[in-house]
Amino acid sequence: MVSDGSGRKPESADVVVVGAGLAGLQCARLVAEAGLGVVLLDRKEDVGERVHTTGIFVRKSLEDFPLPPSCLGPPVRRAVLYSPARRALSLASRRDEFRVGRMAPLYRELLGRCLESGVRFVSGARYCGARRTARGLVAEVEREGRSLSLETRLLVGADGANSRVACDLGLDSNTEWIVGLESVHSGVPLAEGAALHCFLDPRIAPGYLAWVVQDGEETHVGVGGYPDRFHPQTALAEFTASLDGHFALAEGRLLEQRGGRIPVNGVLRRIGTDAGLLVGDAAGAVSPLTAGGFDACLRLSRQAAAVIVRRFETGDPGVLATYSGANLRARFWSRRWMRALLAGVRSRAAMELVCGALRFPPFRNLAWQVFFRRRSFPDVD
Ligand SMILES: Cc1cc2nc3c(=O)[nH]c(=O)nc-3n(C[C@H](O)[C@H](O)[C@H](O)COP(=O)(O)OP(=O)(O)OC[C@H]3O[C@@H](n4cnc5c(N)ncnc54)[C@H](O)[C@@H]3O)c2cc1C
């Protein structure tokens, strides 16, 4: 078990953060660096176990946040978009656009930074609920079959797409999902250099896309789509078989399978109350179009931390009301519109026409911008 090293069970804290994914790790560290007492808890024993994400970081995150280079794969500058008939549209950038995180070591490294900042981490601790008291809140936690109560002034829900904290605080919850499933391989020779290959095909990836990401070290093969329109395991098997002859997966080694839900409703409106707030997937902070969530995790958590610090500096819980998803949501309109368009293309023939249009300007420019422009999540600071 990873712990704060003191052997002492934390019983109270200014702030309790539920969930040590990217959002919780970022928020907990920044709040602790401001001198507040923070308890971070996660139901996992090790933050590096059961990774559910591909791990692609976009240039904007890589430029704006100090992620440890040793936990990132080689840079990728090219994206290839395939139609259902596998007509390829290659898009290249002069800059390093993506890097695939080695997520288990990355989570552990970020947890190390939290501990250095004074965060007390409780592993293997499942958050079960919270009740209000005169002084704030009591979070109920189950750990090693025992119940633990944590007194706190403020609760942060960084507990992922299906947030229990959101329900307990009476905040908004995610309502629209896609499901992603991928296999991760090592030792697969590069097909045509490092690239992010995206396959638009409503049969194997209804409402989203299938992907092959190769950075020269790892190869990720995945499918994503609306859960009521496909069977992810079957689709992944069909997609993998269809790659024969193009990607030499058999020459590599299968490392693991990853998967999970991705909220695509856009950032939720009500993400803060006087008792707590939501960050990351719990706040719906995922690009509705690309389904990328890391940049949103890092940015929204930074904003949440600033609001929390101000709340304690002023002693005014009303400060938390400034933390609202409503403004951000308005800035997501184009992405939500494009999501509706992508979700609406249900036949392969219609998708072939869409992909045909993408070959010509201005649609080709639009595709280029979706992949490479520095605008994955609105700046919220
Ligand atoms: C298959 C797939 C591929 C993806 N690929 C990318 C990508 O390449 N790039 C990108 O930007 N985004 C990607 N995403 C989205 C991205 O992974 C998420 O947006 C991001 O990981 C969300 O981080 P988070 O910290 O909010 O939530 P999570 O990473 O889900 O962390 C939540 C944490 O809370 C803990 N927890 C939950 N409930 C409790 C509880 N009751 N008690 C205690 N602990 C609890 C969990 O154990 C977990 O550690 C992908 C998602 C999926 C599913």
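Residues numbered from 1 in each chain as written. Predicted model: local features only at pLDDT ≥ 70, side-chain atom pairs only at ≥ 80, totals over all residues.

**As for the packing of helix H1 (residues 22-33) against helix H6 (residues 294-314)**
Next, step 1: H6 packs onto H1 with a crossing angle of 30° between their chain directions and a minimal axis gap of 8 Å. Our classification of the angle between H1 and H6 gives roughly parallel. Judged by the sense of rotation from one axis to the other, the crossing of H1 with H6 is right-handed. Listed contacts from H6 to Leu22, Ala23, Gln26, Cys27, Leu30 and Val31 of H1 are Phe294, Cys297, Leu298, Ser301, Arg302, Ala304, Ala305, Ile308 and Val309.
Next, step 2: Considering only residue class, the contact of H1 with H6 consists of 12 nonpolar, 2 polar and 1 charged. (Axes fitted to C-alpha atoms, helices over the stretch in contact; angles between N-to-C directions. Helix = DSSP H or I, 4+ residues; strand = E, 2+ residues; numbered from the N terminus. Parallel < 35°, antiparallel > 145°, perpendicular 65-115°, else oblique. Left-handed = near helix turned anticlockwise from the far one by under 90°. Contact = placed C-beta atoms within 7 Å. Nonpolar A, V, L, I, M, F, W, Y, C, P; charged D, E, K, R; others polar.)

**Some thoughts on the confidence of the model for the protein chain**
Next, step 1: Here the protein chain averages 92 in pLDDT, while 95% of its residues score no lower than 70.
Next, step 2: Counting interchain partners and residues more than four positions distant, the pLDDT-below-50 stretch residues 1-10 has 17 contacts. (pLDDT = per-residue confidence, 0-100.)

**A look at the domain arrangement of the protein chain**
How large an interface is tends to be reported as the accessible area lost when its parts come together.
Next, step 1: Annotation of the protein chain at the domain level lists domain 1 (12-50 + 104-175 + 265-334) and domain 2 (56-98 + 177-262 + 339-372).
Next, step 2: Computed over C-alpha atoms, the centres of domain 1 and domain 2 are 29 Å apart.
Next, step 3: Contacts between the two partners involve 15 residues from domain 1 and, on the opposite side, 16 residues from domain 2.
Next, step 4: Where the side of domain 1 that touches domain 2 is concerned, the elements lending two or more residues are helix H3 (103-116) and H6.
Next, step 5: Of the residues contributing to the side of domain 1 that touches domain 2, the split by class is 9 nonpolar, 4 polar and 2 charged. (Domains from an automatic or database assignment.)

**Things to note about the site of the ligand**
Next, step 1: Residues in contact with the ligand amount to 36 residues; listed here are only the nearest, Gly19, Gly21, Gly180, Gly280 and Gly293.
Next, step 2: Broken down by secondary-structure element, the contributors of at least two residues to the shell around the ligand are H1, strand S8 (125-132), strand S11 (177-186), strand S15 (253-263) and H6.
Next, step 3: The greatest single-element share of the shell around the ligand, amounting to 4 residues, is contributed by S15.
Next, step 4: Class assignment for the residues of the shell around the ligand results in 13 nonpolar, 14 polar and 9 charged.
Next, step 5: Formed jointly, the shell around the ligand draws a minimum of three residues from each of two domains, domain 1 (12-50 + 104-175 + 265-334) and domain 2 (56-98 + 177-262 + 339-372). (Near = placed C-beta within 6 Å.)

**Describing the environment of Val264**
Next, step 1: In this structure, Val264 sits in the loop between S15 and strand S16 (272-273).
Next, step 2: With 26 C-beta atoms packed within 10 Å, Val264 lands in the buried category.
Next, step 3: Along the sequence, Val264 and Ala285 sit 21 residues apart, while their C-alpha atoms lie 8.5 Å from each other. (Buried ≥ 20, exposed ≤ 12 C-beta atoms within 10 Å, placed from the backbone.)

**Digging into the sheet that holds strand S5 (residues 88-92)**
Next, step 1: In space, the 7 strands of this open sheet follow the order S5-S4-S12-S13-S14-S11-S15, with mixed pairing throughout. In this open sheet, the two strands that pair with only one neighbour each are S5 and S15. Recorded for the sheet is a direction-independent mean angle of 15° between the axes of neighbouring strands.
Next, step 2: Pairing of strand S13 (residues 210-214) with strand S14 (residues 218-225), which is carried by 5 bridges, proceeds in the antiparallel orientation. (Pairing = 2+ DSSP bridges.)

**Quick look at the nonpolar core**
Next, step 1: Cys27, Val38, Val156 and Val279 are the most contacted members of the largest nonpolar core, which has 106 residues in total.
Next, step 2: Here this core gathers at least three residues from each of two domains, domain 1 (12-50 + 104-175 + 265-334) and domain 2 (56-98 + 177-262 + 339-372).
Next, step 3: Discounting residues that sit within four places of it in the chain, Val279 has contacts with Ala23, Cys27, Val156, Ala158, Leu300, Ser301 and Ala304. (Core = buried A, V, L, I, M, F, W, Y, C linked by C-beta atoms within 7 Å.)

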